Amino acid sequence: NSSGHNNTMSIPPGKGPHQVGCTDLMVGHTVHGTFLRLYYPCQASEHPQLPDWVPCREYFNGLADFMKMNRALSERIFNYLFGNCKTPAAWNASFKQDGKYPVIIFSHGLGAFRTLYSAICVELASRGFIVASVEHRDESSSATFYFREDTEPGIKKHPSCDIAKPVSDNLEEVWMYYRPLKSGENEFPLRNKQVKQRADECIRALDILFDINSGKSVENVLQCDFDLSTMENSMDLCRIAIMGHSFGGATVIECLCKDVKFKCGVALDTWMFPLDEEIFPGVKQPIFFINSEKFQWIGNIIRMKKLDSAIFPRKMITIKGTVHQSFPDFTFLTGNWIGRLMKLKGDIDPHIALDLSNKATLAFLQRHLNMDRDFNQWDPLIDGKDDNLIPGTNITIPQSSI
Ligand SMILES: CCN(CC)CCN(C[C@]12C[C@](c3ccc(C(F)(F)F)cc3)(C1)C2)C(=O)Cn1c(SCc2ccc(F)cc2)nc(=O)c2c1C=CC2
């Protein structure tokens, strides 16, 4: 609705050679289905229609719950502040067939959902990747929805957002919200169960991309005007990476352990807590830890170090002046002082920070997916060679604790 203030801040578009398209895909209407936002290289279009960054206002309700804020008030504030923000990609634009693109599955953080990392996903798609940002149904998302076959025909609750209209009209929208920890509840069992479900959801998303690539007809539960068959034989399924932020970084490790189709992982500001250390020896693929300066503590870093290996490439860099929220899109959407106040911004310009993270990611992916592109120009960033980077971590670990 046009009442929102026209947020002059916007999410930066991709810098790569490809225009980027975007569509939503839900395969299987139940809570066990797969729900993802797909970013892909698209044909140039004159006047691209940009999708809403937050597709339904219901997500703002979920965000309010997650932030332990009053729903009525904060849903309106969020909608006023961010309701008009757009994802910098062309909605349902025609897919650009141009050889086989490598594939990235992206996993969001605790309290987030599939659309909030579009600056990263759009940049990677603009460089010639197909990126699937999954929406987790493990009750770690602020909100997510699926459908139920409504048995009592009668007055239907109309869908809360237009892109969420299901194809068949006997399906009724069901919303699932963030599950807070109950007082006195032991956090590890919940988070460990969730990270296992998250990995299964990423693996199922990859299976669906395999089906699309093989030309199998995949039915989208959502009414999205995008022809998936145009993506037949367009994916390089030997070049697949898993990527994620925070809880999504833990999902990266869990996925690498569970499925060797993921050739390498890029873990942004990883929250290591949900992981069972017993799986660490089972991870053989290269891992790139890209950390913010502030979201680091001894226990978290020690667990990352436990994945160090003389055989398997493990790299870590820290971006100076960044905070945990320097990776999700919010970091671009508020002015400096609000951003710093709410810890959505660090001291460094968010564009510079995410540019370093994305270029280091591209160099790492070229190296470990054996790509023949020019991303190796950014190899020095993998070793932290930049004024705004620190190789490894910025916190000292007492020798006694290793
Ligand atoms: C008090 C609530 N308490 C819940 C346990 C802690 C809440 N919290 C810090 C927050 C998220 C914050 C945030 C968002 C969004 C606005 C807005 F105003 F811009 F909308 C403001 C302020 C509130 C910064 C985190 O959980 C940090 N965090 C995250 S934040 C991922 C995220 C979530 C929502 C988003 F919209 C965007 C990104 N992902 C993780 O995987 C992990 C952690 C911690 C450990 C593992």
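In this text, all values refer to a predicted model and were calculated from it rather than measured experimentally.

Some words on the environment of E187
And step 1. Residue placement: E187 occurs in helix α4 (residues 187-213).
And step 2. Along the primary structure E187 and F273 are separated by 86 residues, whereas in three dimensions their C-alpha atoms are 9.3 Å apart.
And step 3. Setting aside its immediate chain neighbours within four residues, E187 contacts L181, W271 and F273.
And step 4. Polar side-chain contacts of E187 include one of 2.8 Å to the side chain of R191.

With respect to the site of the ligand
And step 1. For the ligand, the set of nearby residues contains 22 residues, the closest of which are L110, G111, S246, F247 and F330.
And step 2. Between L110 and the ligand, the recorded distance is 2.7 Å, taken from a backbone N or O atom to an oxygen atom.
And step 3. Contact between the ligand and S246: an oxygen atom at 2.9 Å from a side-chain N or O atom of the residue.
And step 4. For the ligand, the accessible surface in isolation is 840 Å², of which the surrounding protein chains cover 80%.
And step 5. Counting residues per element, the ones that place at least two in the shell around the ligand are α1 (58-66) and α2 (71-82).
And step 6. A breakdown of the residues in the shell around the ligand according to their chemical character gives 16 nonpolar, five polar and one charged.

What to know about the environment of Q197
And step 1. Take Q197: it is sitting in helix α4.
And step 2. As a C-alpha pair, Q197 and T144 span 53 residues in sequence and 15 Å in three-dimensional space.
And step 3. Excluding residues that lie within four positions of it along the chain, Q197 makes contacts with R137 and D138.

Comments concerning the nonpolar core
And step 1. Membership of the largest hydrophobic core comes to 73 residues, with the highest contact counts inside it found for W53, Y59, I120, F129 and F145.
And step 2. Per-element accounting of this core gives the leading share, eight residues, to helix α8 (residues 350-368).
And step 3. If near-sequence neighbours (up to four positions away) are discounted, W53 is found in contact with I11, R37, F82, C85, K86, T87, T115, L116, S118, D329, F330 and L333.
And step 4. The next biggest cluster of nonpolar side chains, apart from the first, holds 54 residues, and it includes L36, A90, V134 and I397.

Concerning the confidence of the model for the protein chain
And step 1. Residues with a pLDDT of 70 or more make up 96% of the protein chain, whose mean pLDDT is 94.
And step 2. Interface predicted TM-score (ipTM) for the complex: 0.97; the corresponding pTM is 0.97.

Points about α1
And step 1. Of all nine residues that make up α1, seven are buried, and the element is covered over most of its length.
And step 2. Within α1 the residues assigned to the buried category are E58, Y59, F60, N61, G62, L63 and A64.
And step 3. The secondary structure elements touched by the buried residues of α1 are β2 (34-42), α2, β6 (143-149) and β7 (171-177).
And step 4. K68 sits one or two positions beyond α1 and adopts a positive phi of about 55°.

Side note on the pairing of strand β5 (residues 130-134)
And step 1. Counting buried residues along β5, five of its five residues qualify, which places the element largely inside the surrounding structure.
And step 2. Both faces of β5 are covered, namely the face carrying I130, A132 and V134 and the face carrying V131 and S133.
And step 3. Pairing of β2 with β5, which is carried by four bridges, proceeds in the antiparallel orientation. When the bridges of β5 are listed, Y39 appears paired with V131.
And step 4. Judged from the five bridges that link them, strand β4 (residues 101-107) and β5 form a sheet pairing that is parallel. Within β5, the residue paired with I105 across the bridge is A132.
And step 5. You can see the chain leave β4, run along helix α3 (residues 118-126) and come back into β5, and the turn it takes is right-handed.

So, the pattern of salt bridges
And step 1. Evaluated as defined, the whole model comprises 20 salt bridges.
And step 2. Residue R191 pairs with E187 through a salt bridge whose shortest N-O separation is 2.8 Å. Here the residue R191 and the residue E187 both occupy positions in helix α4, the gap between them amounting to four residues, near one helical turn.
And step 3. Classification of E187 by relative accessible area gives partly exposed; the value is 24%.
And step 4. Between D379 and R367 there is a salt bridge, with its nearest N and O atoms 3.7 Å apart. Pair noted here: D379 is in helix α9 (residues 379-382) and R367 is in helix α8, with a separation of 12 residues, a long-range link.
And step 5. For R367, a relative accessible area of 35% gives the class partly exposed.

Let's talk about the side chain of S140
And step 1. Here S140 shows up in the loop between β5 and β6.
And step 2. A distance of 2.7 Å separates a polar atom in the side chain of S140 from a polar atom in the side chain of D138.
And step 3. Leave out the neighbours within four places in its chain, and S140 touches H108, G109, L110, G111, A112, Y178, Q194, R198 and F247.

Concerning a nonpolar patch on the surface
And step 1. A surface patch of nonpolar side chains, amounting to about 490 Å² of accessible area, comprises W337, I338, L341 and M342.
And step 2. With respect to the element layout, M342 can be found in the loop between α7 (336-341) and α8.

A short note on the packing of α4 against helix α5 (residues 247-258)
And step 1. The geometry of α4 relative to α5 is characterised by a closest axis approach of 8 Å and an angle of 65° between their N-to-C directions. For the pair α4 and α5, the crossing hand works out as right-handed. On α5, the residues touching R191, Q194, V195, K196, R198, A199, D200, C202 and I203 of α4 are F247, G248, A250, T251, E254, C255 and K258.
And step 2. By residue class, the composition of the contact of α4 with α5 is seven nonpolar, three polar and six charged.

Some remarks on the packing of α3 against α8
And step 1. At a closest axis distance of 11 Å, the pairing of α3 and α8 adopts a crossing angle of 45°. By the angle between their axes, α3 is oblique relative to α8. Helix-helix and strand crossings are classified by hand; for α3 and α8 the assignment is right-handed. Each of A119, I120, E123 and L124 in α3 lies in contact with α8, whose residues at this interface are L354, N358, T361 and L362.
And step 2. Residue classes in the contact of α3 with α8 are distributed as five nonpolar, two polar and one charged.

What counts and how
Residues numbered from 1 in each chain as written. Predicted model: local features only at pLDDT ≥ 70, side-chain atom pairs only at ≥ 80, totals over all residues. Heavy atoms only, no water. Helix = DSSP H or I, 4+ residues; strand = E, 2+ residues; numbered from the N terminus. Contact = heavy atoms within 4.5 Å. Polar contact = N/O pair within 3.5 Å; in protein donor to acceptor, adjacent residues only side chain to side chain. Near = heavy atom within 4 Å. Areas by Shrake-Rupley, 256 points an atom, 1.4 Å probe, with all protein chains shown as cover. Nonpolar A, V, L, I, M, F, W, Y, C, P; charged D, E, K, R; others polar. Core = buried A, V, L, I, M, F, W, Y, C linked by side-chain atoms within 4.5 Å. Buried < 20%, exposed > 50% of the residue type's maximum accessible area, 1.4 Å probe, protein only. pLDDT = per-residue confidence, 0-100. Pairing = 2+ DSSP bridges. Right-handed = clockwise from strand over helix to strand, strands pointing away. Salt bridge = Lys/Arg side-chain N within 4 Å of Asp/Glu carboxyl O. Patch = residues over 30% accessible without salt bridge, like charges linked within 9 Å, V, L, I, M, F, W, Y side chains within 5 Å. Axes fitted to C-alpha atoms, helices over the stretch in contact; angles between N-to-C directions. Left-handed = near helix turned anticlockwise from the far one by under 90°. Parallel < 35°, antiparallel > 145°, perpendicular 65-115°, else oblique.

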